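# Observations on chain architecture
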Amino acid sequence: MIQKRPTPPLSGTQQADPTTPPDAAATPRPGAHTAVAPLNADPALPPYETVALVLQGGGALGAYQAGVYQGLHEAGIQLTCLSGISIGALNIAIIAGNPPEKRIARLKEFWETICQPNVGVALHPFVEQSLFNLNDLVRQSMSAWHAASAMMNGQKGFFTPRFPPAPQITPGTPGNASYYDTSALKTTLESLCDFDRINSGEHDVSVGAVNVRTGNFVYFENTKIRLRAEHFMASGALPPAFAPVEIDGDYYWDGGLVSNTPLAHVLESRPMRDTLAFQVDLWSARGGVPTNMSEVSDRIKDIQYSSRTRLVTEQLRWSQYLRHTLMSMLEDIPAEVRDSKKAYYRLVEDLACSKRYNVIHLIYRNKPYEQHYKDYQFGLAAMREHWEGGQEDIRSTLQEPDRLAMPEDVSGFVTHDVHREELELRMQPRTRHARTRKA
């Protein structure tokens, strides 16, 4: 019989309205990412109509998302909607393209494959991990070495340097206009994913890309078209490293060029539904002021690819508040008044909505040793650290069951960020102390 994992109680929760932040619970460091059966196959979730996993793009940092998924799998949370961009789209392909009992193993196989160099002999995993565990200086050196290797040699099952190189000025072909060839990725995806399963309707699957000709952002959705490996590759075709992917006569680049976060697409889909969304970001909009050029390059990426997720959630919260307000107003208007102006009130009814949304926001946090090349340092040891960080964050989040509760505030929209809650909790004593001194 499957045993349920005990969940230690915490006091309080932070939603849209100010409440007491939860205590910072101590969580054990997760072990190796091995395939396991769900520990709670029937979690006591509220009756959400959609439970979504939304994955941002971020290259080598995407192993963090695999760790988050493993934590959700262990908690027995059944997902109905999967959406991703760039590396998030590739993780989505692995998850949607396999039965639940094989997903963790397939994700592990995918990441352990693409974290191997194309040429040469990689360090033995034990040796690499032992060196990685020494200190931040060693970790920084190893990360720089892995990033240089990715640039020079590519990554196994993912991309290789294009030879002969793409022309710089003379005319060429769209499919060769890049520094690297990603044909190996197609083979990898087709070997690890069952595309019949992806298109079976078990999940609503969508991935974002940009039409190179029009500059328009598009979503490839299995509810509208049959998804193939090319759709997921297009979502991750970041120029100038990767060439656009041709699909039905059009060429597509990485969706992160326009928007690196598909959250709005999921929450604004029609018909609107009561939704629990796990939004997993790989870039943090918040960060320190750079003091050298390496930090400048790193901070630029953080800001550029974070896609202002918190701004998006605030806009969605406000929109949903207005919809709830319209719904309340309609309920107070007598039926005879509404019948007298049916066309007008029908328009208002279309805008009104009483659905509720709960966004669980997880954001990868930069490590002290990481530099501006963190999104292409495909080292096994760094990958494992990212993976385990995702496990730790989702486990900390799920320790407070109230975070999964159906929103009951006036807007019908709440967000939770375990890191922000812990930060505010740590800052509270300092704030009180400062006020006391001022008084």
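Summary of the structure given here. None of these values were measured; they are calculated from a predicted model. (Residues numbered from 1 in each chain as written. Predicted model: local features only at pLDDT ≥ 70, side-chain atom pairs only at ≥ 80, totals over all residues. Heavy atoms only, no water.)

## Digging into the packing of aromatic side chains
One pass over the structure, following the stated rule, counts 16 aromatic pairs. Aromatic pair Y64 and Y364: ring centres 5.5 Å apart, planes at 75°, arrangement edge-to-face. Placement of Y64 in helix α1 (residues 63-74) and of Y364 in the loop between β10 (357-363) and α14 (380-398) is noted, with a sequence separation of 300 residues between them. No difference in accessibility class separates Y64 from Y364, as the two residues are buried. (Phe/Tyr/Trp six-rings, centres within 6.5 Å; stacked < 30°, edge-to-face > 60°. Helix = DSSP H or I, 4+ residues; strand = E, 2+ residues; numbered from the N terminus. Buried < 20%, exposed > 50% of the residue type's maximum accessible area, 1.4 Å probe, protein only.)

## A short note on the environment of H203
Residue placement: H203 occurs in the loop between α7 (195-198) and β5 (204-211). Given a relative accessible area of 5%, H203 falls into the buried group.

## Here we look at the nonpolar core
Of all hydrophobic cores here, the largest spans 71 residues; its most connected members are L53, L72, W111, L189, F232, F278 and F378. It is helix α2 (residues 87-96) that provides the largest number of residues to this core, a total of 8 residues. Listed in part, the 13 residues of the second largest apolar core include C81, V266, C353 and V359. (Core = buried A, V, L, I, M, F, W, Y, C linked by side-chain atoms within 4.5 Å.)

## Considerations on unusual backbone geometry
Negative phi characterises most residues that are not glycine, and trans characterises most peptide bonds. The omega torsion of the bond from F163 to P164 falls at 0°, within 30 degrees of zero and hence cis. Topologically, P164 is positioned in the loop between β3 (160-161) and β4 (180-181). Cis peptide bonds are those with omega within 30 degrees of zero, and the linkage from P239 to P240 qualifies with 0°. Within the secondary structure layout, P240 lies in the loop between α8 (229-235) and β7 (245-247). For S86, which is not a glycine, the phi torsion comes out positive at approximately 60°. When you line up the elements, S86 lands in the loop between β2 (81-84) and α2. Look at S86 and you get buried, because its relative accessible area is 11%. Positive phi outside glycine occurs at D248, with the angle close to 55°. Mapped onto the elements of the fold, D248 is located in the loop between β7 and β8 (250-254).

By themselves these figures say nothing about function.
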